[in-house]
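Tertiary structure, described
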Amino acid sequence: MKGQISASMMCADLLNMERDIRLMEKHHVELLHCDVMDRHFVPNLMMFPDMINRIAEVTQTPLDVHLMVEDPASILPSLKLREGDYVSLHAESTVHLQRALAAIRARGWKPALALNPATPLCMIEELLPDFDMLLLMTVNPGYSGQKLIPQCLDKITRARKLLDDAGYAATPIEVDGNCSLENTPKMMAAGAEIIVAGSSSVFDKRLGVEEGVKALRRSMGQA
Ligand code: DX5
Ligand code: ZN
């Protein structure tokens, strides 16, 4: 798999969001990752629907909306996304997960299923036809700038095998959390396809955005 970048927009310069979106477009970043946090499911507050809807208006780059909220299905009517945008929700947040994933698909968006580091992979087994991407958290969700939880690498390997063995070889695995220049090659070797690029790479202030994208591409074997 070639590997795609999903730039974590909560790590962009919040006062220069459009400038950073244009830089992502210039460097052909494949997806814009928009985290929604409600201070209940995770202990932080982040991007609200009107802001995400505005991003969807000003760019052609597909969005990758990651709902880290209680009752994520209740947020869906507030989002104005385009066909093909991803929307992920957490297995830990929803009792009627299949219904919530189906509600995303019914809007023309691509449903994605997210798992926290502590959640076992067996949670995906009954839902394989219902999601188009598996998002594996490689840190506990809520904050940027955390360290990779090492056992998550083996979880990526096992998830890739589970999907392949069940006939879902085309379902990509996204990894979110500390996708640094050092960790990304290991994550990709384990089977990750979509890399959430936050403060560990694209938005590493020491590098600057453009050099951050280039350095991440190199670490992905693409430059
Ligand atoms: C939460 C976010 C963060 C963050 C990732 O889901 O997606 O994990 O922006 O970037 P890092 O871990 O590199 O700061
Ligand atoms: Zn995220």
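Here, every reference points to the structure presented above.
All values reported here derive from a predicted model rather than from experimental measurement. (Residues numbered from 1 in each chain as written. Chains lettered and ligands numbered in written order. Predicted model: local features only at pLDDT ≥ 70, side-chain atom pairs only at ≥ 80, totals over all residues. Heavy atoms only, no water.)

1. Re the pattern of salt bridges
Evaluation of the coordinates by the stated rule reveals 16 salt bridges. Across the pair lysine 161 and aspartate 165 runs a salt bridge, and its minimum N-O distance is 2.6 Å. Taken together, the residues lysine 161 and aspartate 165, both in helix 4 (residues 152–165) and four residues apart, mark about one turn of the helix. There is no split in this pair, since lysine 161 and aspartate 165 are both exposed. Put simply, arginine 206 and aspartate 204 hold a salt bridge, and the shortest N to O gap is 2.8 Å. Judged by relative accessible area, arginine 206 falls into the exposed class, the value being 76%. Its relative accessible area of 9% is what places aspartate 204 among the buried residues. What emerges from the salt-bridge pattern is a single network uniting Lys2, Glu30 and Arg217. (Salt bridge = Lys/Arg side-chain N within 4 Å of Asp/Glu carboxyl O. Helix = DSSP H or I, 4+ residues; strand = E, 2+ residues; numbered from the N terminus. Buried < 20%, exposed > 50% of the residue type's maximum accessible area, 1.4 Å probe, protein only.)

2. Describing the side chain of serine 88
As for its position among the elements, serine 88 is in strand 4 (residues 86–90). Taking relative accessible area as the criterion, serine 88 reaches 0% and is therefore assigned buried. Beyond its immediate chain neighbours, meaning those up to four positions away, serine 88 contacts Val65, His66, Leu67, Ala112 and Leu135. (Contact = heavy atoms within 4.5 Å.)

3. Description of the site of ligand 1
Near ligand 1 lie 17 residues; those nearest to it are Ser8, Asp176, Asn178, Ser199 and Ser200. Aspartate 35 is positioned with one of its side-chain polar atoms (N or O) 2.8 Å from an oxygen atom of ligand 1. Contacts to ligand 1 include glycine 145, whose backbone N or O atom sits 2.8 Å from an oxygen atom. When isolated, ligand 1 has an accessible area of 370 Å², and the protein chains bury 100% of it. Judged by the fraction of its atoms near the pocket grid, ligand 1 is located in the largest cavity. For the shell around ligand 1, the element with the highest residue contribution is strand 2 (residues 31–37), accounting for three residues. For the shell around ligand 1, the class distribution of residues is five nonpolar, 10 polar and two charged. (Near = heavy atom within 4 Å. Polar contact = N/O pair within 3.5 Å; in protein donor to acceptor, adjacent residues only side chain to side chain. Areas by Shrake-Rupley, 256 points an atom, 1.4 Å probe, with all protein chains shown as cover. 1 Å grid on protein atoms, 1.4 Å probe; cavity = no way out; pocket = protein on both sides within 12 Å on 5 of 7 lines; lining within 4 Å. Sits in = over half its atoms within 2 Å of the grid points. Nonpolar A, V, L, I, M, F, W, Y, C, P; charged D, E, K, R; others polar.)

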